[in-house]
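Residue strings, one per chain:
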Amino acid sequence: MTTHVDYSSYAGAYKERAEYVPAVIRALLRAAGAGAGDAVCDIGAGSGHLTEPLAAAGLRVDAVEPTAAMRALGERRTAAFADVAWHEGTGEASGRRSGAYRLVTFGSSFDRTDRPAALVECARILAPGGFFACMWNHRDLTDPLQARVEEIIHERVPGYGYGVRRTDQSPVIEASGLFESPLQLSARRVYRLRSQEWVKVWASHYTLGEQAGERFGEVIDAIGALVAREAGEWIDVPYVTRAWLAQRRDQHPDGQHPEGRHPEDLREGIQRPEGPVR
């Protein structure tokens, strides 16, 4: 199965999202031994939120994104970097050649794939000793104002959930048998943003839009009213960037190459952690 979520209607607002905490990206690149000139594949690259800092670090980046509107934004954002190329593809079928990359990244996109199949694809396109990484930017829900935002959402969207994006990714990575146990990285940063602009960014929230349906606009309006009342012109929003980094196993206990196992075989034994990652 190849998963393709069409983000066309979310693209305009998506590009205004907060950036990943730079300290996490720097630590991830150090741990992966990825430096200037190394080849990286950024899958589900969207509008280039992760692609750009990877390119700024001197890496040669192939950005893979299935939605044309998002690719167009990403291409404009990274136009100044000669070593960035954009391609159509998905996490399960990237279209990239085997054994080509030191690092394969998923910025806020791994949860939108068939994860076992995406891990097989990563193992295929990674060079020996290469690394898989996935990361997300999470609002810190222990912040009082963000806790009230959550109340607004749950009041209007009963049963609302974040899916697997706020859960520990270690079980699915380890169950694949394709990678070593992952290293987890995280850092918190408070971004001071214009309140109106931050509220507009909620229009890019696919998870909320998907579950809220016709009430999506109502939810955003209620968040806007709260922020206008409590924060004023500027809002301080704490974000935590969480990342998982795992090295490809070059030889499995059964003697098979990482490309030798079918995605369906990797589903057995996958367990979801209890509760969200905070």
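Everything below is about the structure shown above.
Residues numbered from 1 in each chain as written. Predicted model: local features only at pLDDT ≥ 70, side-chain atom pairs only at ≥ 80, totals over all residues. Heavy atoms only, no water.

Draft legend 1. Layout of the environment of Trp-198. Residue placement: Trp-198 occurs in helix α8 (residues 195-201). Classification of Trp-198 by relative accessible area gives buried; the value is 4%. Residues Trp-198 and Val-237 lie 39 residues apart in sequence; the distance between their C-alpha atoms is 8.9 Å. Non-local contacts of Trp-198, meaning those with residues more than four positions away in its chain, are made with Arg-139, Gln-146, Val-149, Leu-193, Ile-223, Val-227, Ile-235, Val-237 and Tyr-239. (Helix = DSSP H or I, 4+ residues; strand = E, 2+ residues; numbered from the N terminus. Buried < 20%, exposed > 50% of the residue type's maximum accessible area, 1.4 Å probe, protein only. Contact = heavy atoms within 4.5 Å.)

Draft legend 2. Broad picture of the packing of aromatic side chains. Taken as a whole, this structure holds eight aromatic pairs when the rule is applied. Here Phe-132 and Phe-179 contribute two aromatic rings whose centre-to-centre distance is 5.7 Å and whose plane-to-plane angle is 45 degrees, an arrangement assigned as tilted. Of this pair, Phe-132 sits in strand β5 (residues 126-139) while Phe-179 sits in the loop between α7 (170-175) and β6 (183-194), and the two are 47 residues apart along the sequence. Judged by relative accessible area, Phe-179 falls into the buried class, the value being 1%. Ring centres of Tyr-160 and Tyr-162 lie 5.1 Å apart, and the angle between their planes is 75 degrees; this geometry places the pair in the edge-to-face category. Here the aromatic cluster, defined as three or more aromatic residues joined through ring pairs, consists of Phe-106, Phe-110, Phe-132 and Phe-179. The ring of Tyr-162 is capped by Arg-166, whose NZ or CZ atom sits 4.8 Å from the centre of that ring. (Phe/Tyr/Trp six-rings, centres within 6.5 Å; stacked < 30°, edge-to-face > 60°. Lys NZ or Arg CZ within 6 Å of the ring centre and 35° of its normal.)

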